[in-house]
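Descriptive analysis of the structure
What follows is each chain in one-letter form.
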Amino acid sequence: MTSEAPAFLRALAGETQAVPPIWLMRQAGRYLPEYREVRAKAGSFLALCYNPELAAEVTLQPIRRFGFDAAILFSDILVVPQALGQKLWFVEGEGPRLDPVADRNRLAEIDRAAPGHSLDPIIETVRRVRAGLDARTGFIGFCGAPWTVATYMVAGRGTPDQGPARALFAQDPALFQEIIDRIVSVSVGYLNAQIAAGVDAVQIFDSWAGVLGAEDFQRWCIAPTRRIVEGVRAVHPHVRIIGFPRGAGRLIPAYVEGTGVDAVGLETDIDRAFARDAIQSLVPVQGNLDPLTLRAGGAELEREIEAVMAAFGGGPFVFNLGHGILPDTPIPHVERLLRAVRG
């Protein structure tokens, strides 16, 4: 990859850089006053996701303010079940809600309701963001991993241990596989459309990967994600794919080898020495500053930035958080982070 390529993409291609590229998960969010203004104008979170003009604006806001090395599409992983025909809404202060898919009859009802919400407005957002970015800034699209999306589809909301989904695949693995298959199919088309519209790389968020044991992790996390990777590569063989199996820990090397992703995100709690030796030796890594530390700021923030850089700066690396930025994070702390990373 040429030196003119964005630093973010050079890192994903395996280049070690003295100053690593940086972006933050949920970098377009409530900690920014300009985001809150646009969010109020949109009227609801989902309305914002499906309004290309406003969604493009909030995607670009953190790039204008901070000069991050990559923008990430403003959307949500649950637009995929909505596209499948499942009813989706958000409860203010509580999060997403869906009509649960608890049995085969409910899956049939969703099939009859499909096609669900069109994803075309989100693809239009991609086009608008692409037009608003300079050549130095990478652009990331994304989807939710099939396992994580399925947990929401089955339970109708987030749960502490993803018990409803785990119970369903134990009781009726064939039905659970059908749900996974539908998610895979839509996700492949969705990511390929994002790439065609202008994203440079895509990230697959598996937020609930950490609740599964090794055998179930192989079946419900690795295998479906591999199908998405293969489906994207069949159409766009050169686009970089980042996996983020949050909580997978020591199962991540198997995830990397089994899925074929180009890079992997690291959560806050992972052992950094293990991650450097067993994961970064396989693929570039991204992460893993604690969002709580960023919010707190001060000397501890400086120490943790140095620790992350010491652990991963000797190899291909993208500086990021171990999860999304918190809504009450002070903007000066983000500015301090950027100064520290960039020297």
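Conventions and cut-offs
- Along each chain, residues carry numbers from 1 onward, in the same order as the chain's sequence is written.
- Owing to the predicted nature of the model, reporting of local features is limited to residues with pLDDT of at least 70; listing and counting of side-chain atom pairs is limited to 80 or more, with chain, interface and lining totals taken over all residues.
- Processing note: side-chain calculations cover all non-hydrogen atoms of the structure and skip hydrogens and water entirely.
- UniProt positions are given in the numbering used here, feature names are shortened, and annotations may be inferred rather than shown by experiment.
- Note on definitions: angles span 0 to 180 degrees between N-to-C directions of axes, and those axes are lines fitted to C-alpha atoms, for helices only across the stretch in contact.
- Numbering of helices and strands starts at the N terminus; helices are DSSP runs of H or I of at least 4 residues and strands are runs of E of at least 2.
- Should an angle fall under 35 degrees it is called roughly parallel, over 145 degrees roughly antiparallel, and 65 to 115 degrees roughly perpendicular, with every other angle called oblique.
- In this scheme the crossing of two helices becomes right-handed for a clockwise turn of the near helix relative to the far one and left-handed for an anticlockwise turn of less than a right angle.
- Here, two residues are considered to be in contact whenever any of their heavy atoms come within 4.5 Å of each other.
- Charged residues are taken to be Asp, Glu, Lys and Arg, nonpolar residues to be Ala, Val, Leu, Ile, Met, Phe, Trp, Tyr, Cys and Pro, and polar residues to be all remaining types, Gly included.
- A pocket, in this scheme, is an open set of points on a 1 Å grid over the protein atoms alone with protein on both sides within 12 Å along at least 5 of 7 lines, while a cavity is a set where a 1.4 Å probe fits but cannot get out; residues line either one if an atom lies within 4 Å of a point.
- Grid points are joined across faces, edges and corners, and a volume is the space filled by probe spheres set on the points.
- Three exposure classes are used, based on accessible area relative to the maximum for each residue type with a 1.4 Å probe and protein chains only: buried under 20%, partly exposed in between, and exposed over 50%.

As named in an unreviewed UniProt entry, the chain is Uroporphyrinogen decarboxylase, taken from Bosea thiooxidans. Taken from UniProt, the Subcellular location (unreviewed entry) comment for the chain reads in full: "Cytoplasm". Heading Pathway (unreviewed entry) of the UniProt record for the chain holds this comment: "Porphyrin-containing compound metabolism; protoporphyrin-IX biosynthesis; coproporphyrinogen-III from 5-aminolevulinate: step 4/4."

Right, let's get into the packing of helix H15 (residues 298-312) against helix H16 (residues 331-342). Taken N-terminus to C-terminus, the directions of H15 and H16 make an angle of 40°; their axes are 10 Å apart at the nearest point. Classified by the interaxial angle, the pair formed by H15 and H16 is oblique. The chirality of how H15 crosses H16 is right-handed. Residues Gly-298, Ala-299, Leu-301, Glu-302, Ile-305 and Met-309 of H15 pack against His-333, Arg-336, Leu-337, Ala-340 and Val-341 of H16. Taken together, the residues of the contact of H15 with H16 sort by class into 7 nonpolar, 2 polar and 2 charged.

The next thing to look at is the layout of surface pockets. What the largest pocket holds in volume is close to 1500 Å³. If you trace the largest pocket, you find 44 residues lining it, with Arg-26, Arg-30, Phe-45, Asp-76 and Phe-90 closest to the centre. Within the residue set of the lining of the largest pocket, elements represented by two or more residues are helix H2 (33-42), helix H3 (45-49), strand E2 (88-91), strand E3 (95-98) and helix H14 (291-296). Ranked by the residues each element gives to the lining of the largest pocket, the list is headed by E3, at 3 residues. Among the residues making up the lining of the largest pocket, the classes are represented as 24 nonpolar, 10 polar and 10 charged.

A few words now on the UniProt feature "binding site: substrate" (unreviewed entry) in the chain. This chain's UniProt record puts "binding site: substrate" (unreviewed entry) on Arg-26, Gln-27, Ala-28, Gly-29, Arg-30, Asp-76, Tyr-152, Ser-207 and His-323. An extended arrangement is adopted by the annotated residues: their sequence extent is 298 residues, and the largest C-alpha distance between any two is 23.2 Å. Of the annotated positions named here, the largest pocket is lined by Arg-26, Gln-27, Ala-28, Gly-29, Arg-30, Asp-76, Tyr-152, Ser-207 and His-323. The residue Ala-28 is located in the loop between helix H1 (7-12) and H2 in this model. Here Ala-28 falls in the buried class, since its relative accessible area comes to 13%. Aside from chain neighbours lying at most four places away, what touches Ala-28 is Tyr-35, Val-58, Thr-59, Pro-62 and Phe-74. Summarising the element assignment, His-323 is placed in the loop between strand E9 (317-321) and H16. His-323 sits in the partly exposed class, given a relative accessible area of 24%. Setting aside anything within four residues of it in sequence, one finds His-323 in contact with Met-25, Arg-26, Phe-244, Arg-246 and Pro-291.

Further remarks concern the environment of Leu-168. The residue Leu-168 is located in helix H9 (residues 163-171) in this model. As for Leu-168 and Val-101, which are separated by 67 residues in sequence, their C-alpha atoms are 9.8 Å apart. Those residues within four positions of Leu-168 in sequence are excluded, and the remaining contacts are Val-101, Ala-102, Val-154, Pro-173, Leu-175, Phe-176 and Ile-179.

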